[in-house]
Protein chains: 2
Amino acid sequence: MEIEHESSHHQIVGFFACMWWWIMGLFKKFKGKVIGVTIMTKKLGQDDPRRIIHSVKMGLALSLISLVYYFRPIYDSFGVSTMWAVLTVVVVFEFTVGATLGKGFNRGMATLLAGALGVGAHQLASLAGEQGEPIIIGFFVFLLATAASFSRFFPEIKARYDYGVLIFILTFSLVSVSGYRVDKIIQLAHQRLSTILLGSLTCVFISIFVYPVWAGEELHNQIAINMEKIADFLEGFGGEYFETELSNGESALDPKDEKLFLERYKSVLNSKTAEENLANFARWEPCHGRFKFRHPWKQYLKTGGLIRQCAYRVEALNSYINSEIQLPSEFKKKIQETCIKMSSESAKALSELASAIRTMTQPCTADVHIANSRIAANSLKTALKTALPMDSDLLQIISAVTVTSLLVEIVSCTENIAESVHELARLAKFKHPQEQIV
Amino acid sequence: MEIEHESSHHQIVGFFACMWWWIMGLFKKFKGKVIGVTIMTKKLGQDDPRRIIHSVKMGLALSLISLVYYFRPIYDSFGVSTMWAVLTVVVVFEFTVGATLGKGFNRGMATLLAGALGVGAHQLASLAGEQGEPIIIGFFVFLLATAASFSRFFPEIKARYDYGVLIFILTFSLVSVSGYRVDKIIQLAHQRLSTILLGSLTCVFISIFVYPVWAGEELHNQIAINMEKIADFLEGFGGEYFETELSNGESALDPKDEKLFLERYKSVLNSKTAEENLANFARWEPCHGRFKFRHPWKQYLKTGGLIRQCAYRVEALNSYINSEIQLPSEFKKKIQETCIKMSSESAKALSELASAIRTMTQPCTADVHIANSRIAANSLKTALKTALPMDSDLLQIISAVTVTSLLVEIVSCTENIAESVHELARLAKFKHPQEQIV
């Protein structure tokens, strides 16, 4: 009896101990998750504080529109349709002004058009009597939904009106099948359009007047940043490859930081989708700050494409950076200067181009560096003619020759980029730099 | 009088002529647009007939769900909430099964969760009396909308639950501010959840059982296609660069077609976003065809990344293809064979890897070609040792040396790809090829 009692006592203690460990484990896991999320939140916020501002703006827009429910005169005239104002705010509010404007415009226009067509279809179908009506309506819905869905595969429609087509299908189906009488539908249409307008206007107002994020400005900066990333690599490349201490400030970085610094260009490789989205949004934006309504956004895409071309070469170049083959010192000395010159002059040209874009001035100062890098590339020919030590092994110099050749390619790429930026400066009428600089 | 009459007559004739030209111009413009759209439609349909099927499926789903309005027993029990079934179909139906399942799941779960929270918030706020209620509700909405909007910046949430968070914000705001009594809300919640379930099930049913497009299969094929595109380039490169007529069937292509053929790899450069989206959708999909539920989709992304690495090298290589510098014929003869060997063996290895992925068999046959390309790369060393004509100009051979060096890089890339495909074959338990092949 005593033993049995003790054993059951042990069991209970064991059970509670187990429970205790399990709960502690869960708690620890939860704590870990919370810490992880906190760190991530902090990082996301620090990387781009506009994310926090955007979230607060969303909260603000939604609380504002929610107040409509409590503001009797408005609620009484809209009734249940007030819901559509809230719905509109949630789906229309986007990170950039352009995206918000585009979605608001798409939503409004599509609702208007599809509503009108829906009423027409409903009227037409009602002529067919109670039996025929569902069939005709079903046929109309099928036809329009199929055609509209297919139109979303057209690249131009996909880029600018994708959301509008979705709302078109939605509204047309809702209106045509709703089965309301026409006078009721017109009242509903009026209410719905007003609430959608109210919601869209709230979004547009907040996104334009509270810390706006302009897609156009974003694209503009993105292009400049991408150039700078490539320039950073080219600036550091000479020193890294030839293992010389360049006498600039950057050499103070510790090796790990420098490695990261040299890898910044990698994000440029996959920048196409982001740039295209920004350009599409930018086209919805009115003039803002230094950008006019018809700013040549397409030229930015062209420039972005050329920057990526350059980034692909840089990526190929990067695999030679840690080459372990020892160059014959005589050969190294001959080409080192020219290579460092090509790389650093291209870097300077890209930096100048980036700063010309940032300040929206004519990129005249970059031309000097472009010319210098071209001269270096040409002087390479004479350097190579004399550089090859007759008794040396081609194997030893193969990677150096490749690096040289890729650098020449990069010089050409930089020239193309410069040309494209000049074209951009012409199209967007960048201002001329102050005379004293020249 | 006569003259005046004639002049006004002339004016009228002129006006009508103008109108006629204007209308004809408009008509021509319209005809041009129609022809353009027709050609585009045909092209889009021919490129991928599944686009047409998808559109028809969308029409079908929507007409089916619209019939609910005309089916009295259902309509009577759901009332106005029937609208949510239509709404759900329009927004949930996507091109691939995975995307449809993901959106349906997100919509359902988010509605459930946000609905429950919304009722709670509403109850809590009603304790504060008529004056305090709007303030407390406004505060809740602000807090949750801000937090939820910010969570959309977390990469993991963005990838899988972006739509869910949107619907969460939407439903929470709608329910908490709606001002209904609790019993009414519970009835509404029941109706809305049922209709959303009905809509989602319709979408899922049609997308799975009518010509399904599986995101997983799409990703699987995409990876194989990308390898083949690179293989095509490498196969053609030797002949193009050394201007030899290779004795394979492809040389029958006319030069323009061959040019296009060699440029097919370009789409690989920007394939990252598409692959990541497909992998995210694929994770929602149940087992289908040859794919199990927990198929190693991440390994596809890794392989895809390595293929892009190879594509960047190919892009760098491509700029040397039309080099106009004449190689010294002695040097050319020495390296030509090795270069063509490296390039064509890598091409064969990639083709074999692609076909191993397509047939889901162990990629054993590729290993031979990998080994051959490695042997060629090594034999290059001896070739280069003897190849350099002492009196020749380094300038003349710089592009050939670069090409050789880039080809060696591509051989390494191919090895990495092969390793990654072997890992994939191990993880996904690809079947062993028939013994007779060995």
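Everything numeric here is computed off the predicted structure, so don't read it as measured data. (Residues numbered from 1 in each chain as written. Chains lettered and ligands numbered in written order. Predicted model: local features only at pLDDT ≥ 70, side-chain atom pairs only at ≥ 80, totals over all residues. Heavy atoms only, no water.)

**Some points on the overall build of chain A**
Along the backbone of chain A there are 16 helices and zero strands. Carbon and sulfur atoms provide 63% of the accessible area of chain A, an area that totals close to 22000 Å². (Helix = DSSP H or I, 4+ residues; strand = E, 2+ residues; numbered from the N terminus. Areas by Shrake-Rupley, 256 points an atom, 1.4 Å probe, with all protein chains shown as cover.)

**Observations regarding the confidence of the model for chain A**
Residue and element names in this part refer to chain A. Counting all residues, the mean pLDDT for chain A is 85, and 89% of those residues have values of 70 or more. Contacts from residues 245–252, a stretch scored under 50 in pLDDT, to residues over four places away or in other chains number seven contacts. Interface scoring of the predicted complex returns ipTM 0.84; its pTM is 0.86. (pLDDT = per-residue confidence, 0-100. Contact = heavy atoms within 4.5 Å.)

**Some points on the nonpolar core**
Within the largest apolar cluster, 134 residues are counted, with the highest numbers of intra-cluster contacts made by M227(A), I230(A), F233(A), M227(B) and F233(B). In contact with I230(A), other than residues within four places in its own chain, are V268(A), I307(A), C310(A), A311(A), V314(A) and L350(A). Of all hydrophobic cores here, the second largest spans 74 residues; its members include M83(A), V86(A), L166(A) and A125(B). (Core = buried A, V, L, I, M, F, W, Y, C linked by side-chain atoms within 4.5 Å. Buried < 20%, exposed > 50% of the residue type's maximum accessible area, 1.4 Å probe, protein only.)

**Re the side chain of K229(B)**
All names here are of chain B. Within the element layout of this structure, K229 appears in helix α9 (residues 215–242). Summary of buried charges: K229 has no salt-bridge partner, and the nearest side chain of opposite charge, D232, is 8.6 Å away. If sequence neighbours within four positions are ignored, K229 has contacts with R264, Y265, S267 and V268. (Lys, Arg positive; Asp, Glu negative; His and termini not counted. Salt bridge = Lys/Arg side-chain N within 4 Å of Asp/Glu carboxyl O.)

**As for the UniProt feature "transmembrane region" (unreviewed entry) in chain A**
All names here are of chain A. In the numbering used here, UniProt assigns the "transmembrane region" (unreviewed entry) feature to residues 12–30, 51–71, 83–102, 109–129, 135–154, 161–181 and 193–214. Taken as a whole, residues 51–71 contains 95% helix and 0% strand, while its terminal C-alpha atoms sit 31 Å from one another. Segment residues 193–214 splits into 77% helix and 0% strand. End C-alpha atoms: 27 Å apart. (UniProt positions renumbered as here; feature names shortened; annotations may be inferred.)

**Details of the packing of helix α13 (residues 297–318) of chain A against helix α13 (residues 297–318) of chain B**
Here α13(A) crosses α13(B) at 105°, and the two axes come no closer than 8 Å. By the angle between their directions, the pair α13(A) and α13(B) is classed as roughly perpendicular. Every residue of α13(B) that contacts α13(A) at Q309(A), Y312(A), R313(A), E315(A) and A316(A) is listed here: Q309(B), Y312(B), R313(B), E315(B) and A316(B). Considered class by class, the residues forming the contact of α13(A) with α13(B) number four nonpolar, two polar and four charged. (Axes fitted to C-alpha atoms, helices over the stretch in contact; angles between N-to-C directions. Parallel < 35°, antiparallel > 145°, perpendicular 65-115°, else oblique. Nonpolar A, V, L, I, M, F, W, Y, C, P; charged D, E, K, R; others polar.)

**What about the environment of L124(A)?**
Residues and elements named next belong to chain A. Tracing the sequence through the fold places L124 in helix α5 (residues 97–126). Given the relative accessible area of 49%, L124 is considered partly exposed. Note: C-alpha distance between L124 and I157 (33 residues apart in sequence) is 29 Å.

**Brief notes about the interface of chain B and chain A**
The interface is formed by 76 residues belonging to chain B together with 76 residues belonging to chain A. Across the chain B to chain A interface the summed buried area is about 7100 Å²; carbon plus sulfur atoms make up 75%. Run the count over chain B and chain A and you get two salt bridges. Where R313(B) meets E315(A), a salt bridge forms, and the shortest distance between an N and an O atom there is 3.7 Å. Inspection of the chain B/chain A interface yields eleven residue pairs in polar contact (both at pLDDT 80 or more). Counting residues per element, the side of chain B that touches chain A draws most heavily on helix α2 (residues 50–66) of chain B, which supplies eleven residues. Here the side of chain B that touches chain A is built from residues that sort into 47 nonpolar, 19 polar and ten charged. (Buried area = accessible area lost by both parts, 1.4 Å probe. Polar contact = N/O pair within 3.5 Å; in protein donor to acceptor, adjacent residues only side chain to side chain.)

**Description of the relation of the copies chain B and chain A**
Of the transformation placing chain B onto chain A, the axial shift is 0.0 Å and the rotation is 180°, giving an RMSD of 0.1 Å. Expressed as an axis order, the relation between the two copies is that of a two-fold axis. Among all residues of chain B, the one whose C-alpha sits closest to the rotation axis is T402(B), at a distance of 2.2 Å. (Least-squares fit on C-alpha atoms with pLDDT ≥ 70 in both.)

**What about the environment of V86(A)?**
Summarising the element assignment, V86(A) is placed in helix α4 (residues 82–92). Distance in space between the C-alpha atoms of V86(A) and Q299(A) is 38 Å, their sequence separation being 213 residues. The contacts of V86(A), once residues within four sequence positions are left out, are L62(A), I65(A), Y69(A), L170(B), S173(B) and L174(B).

**Focus on unusual backbone geometry**
Trans is the common state for peptide bonds, and a negative phi is the common state for residues other than glycine. Residues and elements named next belong to chain B. Despite not being glycine, Y211 has its phi angle at roughly 40°, a positive value. By secondary structure assignment, the location of Y211 is in the loop between α8 (182–209) and α9. Exposure remark for Y211: the relative accessible area of 59% places this residue in the exposed category.

**Side note on helix α9 (residues 215–242) of chain A**
All names here are of chain A. Under the 1.5 Å per step criterion, the end-to-end length of α9 is 41 Å for 28 residues, consistent within 8% with the ideal 40 Å. The sharpest bend along α9 reaches about 35° and sits at G236. For α9, a buried count of 20 out of 28 residues is recorded, marking the element as mostly surrounded by other parts of the structure. (Expected span 1.5 Å × (residues − 1). Bend = angle between axes of the 7 residues up to and from the residue.)

**Observations concerning the domain arrangement of chain A**
All names here are of chain A. Taken domain by domain, chain A consists of domain 1 (52–209) and domain 2 (215–245 + 254–428). Between domain 1 and domain 2, the contact holds eleven residues from the first and seven residues from the second. In this assembly, domain 1 packs against domain 2 so that about 850 Å² is buried in total across both faces, 67% of it on carbon and sulfur atoms. Three residues, T96, G98 and R160, lead the burial of domain 1 against domain 2; their summed loss comes to 52% of the area buried on that side. Across the domain 1-domain 2 interface, the total number found is zero salt bridges. Inspection of the domain 1/domain 2 interface yields one residue pair in polar contact (both at pLDDT 80 or more). Ranked by residue count, the leading element in the side of domain 1 that touches domain 2 is α5, at seven residues. (Domains from an automatic or database assignment.)

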